[in-house]
Amino acid sequence: MTMTEALSPTLHLVCGKIGSGKSTLAQRLAAQPATVLISEDHWLACLYPGEIQALPDYVRCAGRLRQAMAGHVEALLRAGVSVVLDFPSNTVASRAWARARFEAAGVAHRLHFLDLPDAVCKARLRARNAAGEHPFQTTDAQFDQISSHFVPPAPEEGFEVIRY
């Protein structure tokens, strides 16, 4: 990262299947000066306790959260603060929503793509579930269902992708 990049507000996006390490990476990225972390899991757990039991519940609640957060994210970026958006940018539509935020604010972006095998993600999920520290528990069957909607970023989407 150059000095100019370090001083310029940037929207950091994370992409990867459940258990790939998106939140861990997001926390590391947010440790940079003048950078804030906005965690979807944290906000969903606080706003909708006990309400997210299945994929349609998540889609409904996450959609409301994105609608509420859009202007806030843009305002932070315009104020010169970098934002690490720990919301999964795992579909073309979710990435288009994020693109609208950094384009509206006129700032740079980075799409951090964690490309790990399903077996590694599932093992991490099982460990996370056993630790009991995450607000949501995910079974292997739920992983498979959610992952069936995953679309890796494509060059024609025009993102600056950093692959892990």
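Keep in mind that this is a model prediction, so the values were computed, not measured.

Participant: Explain the packing of helix α6 (residues 118-131) against helix α7 (residues 140-147) residue by residue, including any values.
Facilitator: With their axes 10 Å apart at the nearest point, α6 and α7 run at an angle of 135° to one another. When the axes of α6 and α7 are compared, the pair comes out oblique. Here α6 and α7 pass one another in a crossing that is right-handed. Counting all contacts with α6, which are made through D118, C121, K122, L125 and R126, the residues of α7 involved are D140, F143 and D144. When its residues are assigned to classes, the contact of α6 with α7 shows three nonpolar, no polar and five charged.

Participant: Lay out the sheet that holds strand β3 (residues 82-88) with the relevant residues and their values.
Facilitator: The strand order β2-β3-β1-β4-β5 describes an open sheet built from five strands, whose pairing is parallel. On the outer flanks of this sheet lie β2 (35-39) and β5 (161-163), each paired with one strand and no other. In this sheet, adjacent strand axes meet at a mean angle of 20° when their direction is disregarded. Bridge count between β2 and β3: five bridges; the pairing is parallel.

Participant: Break down unusual backbone geometry for me, citing the residues and quoting the values.
Facilitator: Even without being a glycine, A34 presents a positive backbone phi close to 55°. Within the secondary structure, A34 is located in the loop between α2 (22-29) and β2.

Participant: Outline the side chain of S82, listing residues and values.
Facilitator: Positionally, S82 belongs in strand β3. By relative accessible area, S82 is classed as buried at 8%. Apart from the residues within four sequence positions on either side, S82 is in contact with S8, P9, T10, A34, T35, V36 and L77.

Participant: Any details on the packing of helix α4 (residues 55-78) against helix α5 (residues 92-105)? Residues and values, ideally.
Facilitator: For the pair α4 and α5, interaxial distance at closest approach is 8 Å and the crossing angle is 35°. For the pair α4 and α5, the crossing hand works out as right-handed. Between α4 and α5, the contacting residues are R66, A70, V73, E74, L77 and R78 on the first element and S94, W97, A100, R101, F102, A104 and A105 on the second. Among the residues forming the contact of α4 with α5, the class breakdown is eight nonpolar, one polar and four charged.

Participant: Report on the nonpolar core, specifying residues and quantitative values.
Facilitator: Grouped together as the largest cluster of nonpolar side chains are 28 residues, with contacts concentrated most on L11, L13, I38, L44, V73 and L85. For this core, the secondary-structure elements that each account for two or more residues are β1 (10-15), α4, β3, α5 and β4 (108-113). With eight residues, α4 is the largest single contributor of residues to this core. The contact partners of L11, leaving out residues within four places of it in the chain, are V73, L77, V83, L85, A98, R101, F102, V107, A108, H109 and R110. Counting residues in hydrophobic clusters, the runner-up holds six residues, among them L25, A26, L29 and V84.

Here is what the cut-offs are and how they apply
- Residues numbered from 1 in each chain as written.
- Predicted model: local features only at pLDDT ≥ 70, side-chain atom pairs only at ≥ 80, totals over all residues.
- Heavy atoms only, no water.
- Axes fitted to C-alpha atoms, helices over the stretch in contact; angles between N-to-C directions.
- Helix = DSSP H or I, 4+ residues; strand = E, 2+ residues; numbered from the N terminus.
- Parallel < 35°, antiparallel > 145°, perpendicular 65-115°, else oblique.
- Left-handed = near helix turned anticlockwise from the far one by under 90°.
- Contact = heavy atoms within 4.5 Å.
- Nonpolar A, V, L, I, M, F, W, Y, C, P; charged D, E, K, R; others polar.
- Pairing = 2+ DSSP bridges.
- Buried < 20%, exposed > 50% of the residue type's maximum accessible area, 1.4 Å probe, protein only.
- Core = buried A, V, L, I, M, F, W, Y, C linked by side-chain atoms within 4.5 Å.

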